[in-house]
Amino acid sequence: MPATSVFSPLDLAARFRAARRQTLALCAPLTAEDMMVQSLPEASPAKWHLAHTAWFFESFVLGQLQSGYELFDKDFPWLFNSYYRSFATFPEKRLRASFSRPGLDQVLRYRQYVDEAIERLLAEDPQPEALRRIELGVHHEEQHQELLLTDILHAFFTNPLKPVYKAETAANGDSGFPRLQVRDQGRPALRFQEFPGGLHEIGHAGQGFCFDNELPRHRVWLEPYALAERLVTCAEFAQFIADGGYRRPELWLSDGWNAVESRGWQAPLYWTGEPGNWRLFTLRGEIPLAAMEDVPVCHLSLYEADAYARWAGCRLPTEFEWEAAAATQPRPGNLVDSGRLLPSAAALSAENAAQQLVGDCWEWTASAYLGYPGFKPLPGTLGEYNGKFMSGQMVLRGGSCVTPPAHIRASYRNFFPPETRWQFSGIRLASL
Ligand SMILES: [Fe+2]
């Protein structure tokens, strides 16, 4: 987080309002019952996301920096704490679906109560630390917006009725699957763009917001490398499956092969059916693979991404190779504001340049999630935000089709354990 917020209180108030409204807008297609579902231990119910994001502002801004602030409810500070051990105890994460109380109405009142208190604080010439933490809270809210969609996709996948989060309009008729234009351009041949080696500056630069794990900016030596110009597609991944990819231990890391055997993986998460008749479950409903062939494959673990890369005679990029490439090629991407909620096919282009670096799918890298040289977590309890997870996780880069546009940048480091599949995670190949 930079030393000062780049926002004036007025601008930050507008940014705060927009982020808070967007979280509610994402819940609009959901019923109160949908918002209770926790279909994975590592996922959270939508109602919990609503409450926890208010909790963040109450706990780290209002409770600590607003004199005379009165808690909305004396139990909420521990009830909606996620993992901040130096702040309060918290319930076991996998039990969040048990929170039938407080009811949704009360959670919505909690949000409104916190919103009004933050608005008052912003109107009262707040101290710089309050501005910094409100800005952090907005970015925290955006992280949870993405998680909310990610978690709802899994919740609906496990529902036998396979509900559709975003249905097609009635004008499209009842085709049995959404008439979404998913094969709109054809798949460009897979080419690689070469990048020079040498010393590269890695990490956040400039005055805008970043998380503590994007700092300090430092130099990294890179050998010359090449990145695929687009992401691996569903059709290409289907070829890996058809070639016995999930039955050939020589393609897999040891932990990856153990996961294949113990979890029975035979295809990406959300693929059902069998070779020749795959169907993919998405936020737009279930879609046949035939309509998704040119779309980037996603919902893969690091192990599957790595095995595919080995099968293809390539490798995964390091996070430093990815950032050095992305920093020179900023491009708008398919993020949540496109409304598509699915990865998009790469554009057909004669230009020899990497596409889809931003949006579509988070890209697994071969880099372990570690602190940069000289890394310092934020002081106090907020130091638990990122730093304590720097063990056993891998870095993903680039954002996805459910990432808010103001939330992503070239230096952004996402991280998950290598077996994670419910995120929108895909593959960019590297070589050399
Ligand atoms: Fe959180």
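As the structure is a prediction and not an experimental result, all values here were calculated from the model. (Residues numbered from 1 in each chain as written. Predicted model: local features only at pLDDT ≥ 70, side-chain atom pairs only at ≥ 80, totals over all residues. Heavy atoms only, no water.)

1. Things to note about the environment of A226
Okay, step 1: With respect to the element layout, A226 can be found in strand β4 (residues 225-228).
Okay, step 2: Considered as a pair, A226 and S431 are 205 residues apart in the sequence and their alpha carbons are 5.2 Å apart.
Okay, step 3: Residue contacts for A226: discarding those within four places in its chain leaves F192, Q193, E194, L429, A430, S431 and L432. (Helix = DSSP H or I, 4+ residues; strand = E, 2+ residues; numbered from the N terminus. Contact = heavy atoms within 4.5 Å.)

2. Structural notes on the confidence of the model for the chain
Okay, step 1: Overall, the predicted model of the chain reaches an average pLDDT of 93, with 94% of residues at or above 70.
Okay, step 2: With pLDDT under 50 throughout, residues 170-178 is counted as low confidence; its partners more than four residues away or in other chains account for 9 contacts. (pLDDT = per-residue confidence, 0-100.)

3. Overview of the environment of F16
Okay, step 1: On the secondary structure map, F16 appears in helix α1 (residues 9-27).
Okay, step 2: Judged by its relative accessible area of 1%, F16 falls in the buried class.
Okay, step 3: In this structure, the C-alpha to C-alpha distance between F16 and D105, residues 89 residues apart in sequence, is 21 Å.
Okay, step 4: Dropping the residues within four chain positions of it, F16 is found in contact with F57, D115, I118, E119, I134 and V138. (Buried < 20%, exposed > 50% of the residue type's maximum accessible area, 1.4 Å probe, protein only.)

4. Some words on the pattern of salt bridges
Okay, step 1: Scanning the model with the defined rule gives 24 salt bridges in all.
Okay, step 2: In this structure, the salt-bridge partner of R248 is E250, at a minimum N-O distance of 2.9 Å.
Okay, step 3: A salt bridge links E321 to R315; the shortest N-O distance between them is 2.9 Å.
Okay, step 4: Classification of E321 by relative accessible area gives buried; the value is 7%.
Okay, step 5: Judged by relative accessible area, which is 25%, R315 ranks as partly exposed. (Salt bridge = Lys/Arg side-chain N within 4 Å of Asp/Glu carboxyl O.)

5. Regarding helix α4 (residues 104-122)
Okay, step 1: In this model α4 runs 27 Å from its N-terminal to its C-terminal C-alpha over 19 residues, within 8% of the 27 Å that 1.5 Å per residue would give.
Okay, step 2: Restricting attention to buried positions, one finds in α4 the residues V107, Y110, R111, V114, A117, I118, L121 and L122. Along the long axis of α4, the arc covered by the buried residues comes to 135°, so they all point the same way.
Okay, step 3: Elements that come into contact with the buried residues of α4 comprise α1, α2 (46-65), α3 (76-79) and α5 (128-158). (Expected span 1.5 Å × (residues − 1). Arc of directions from axis to C-beta.)

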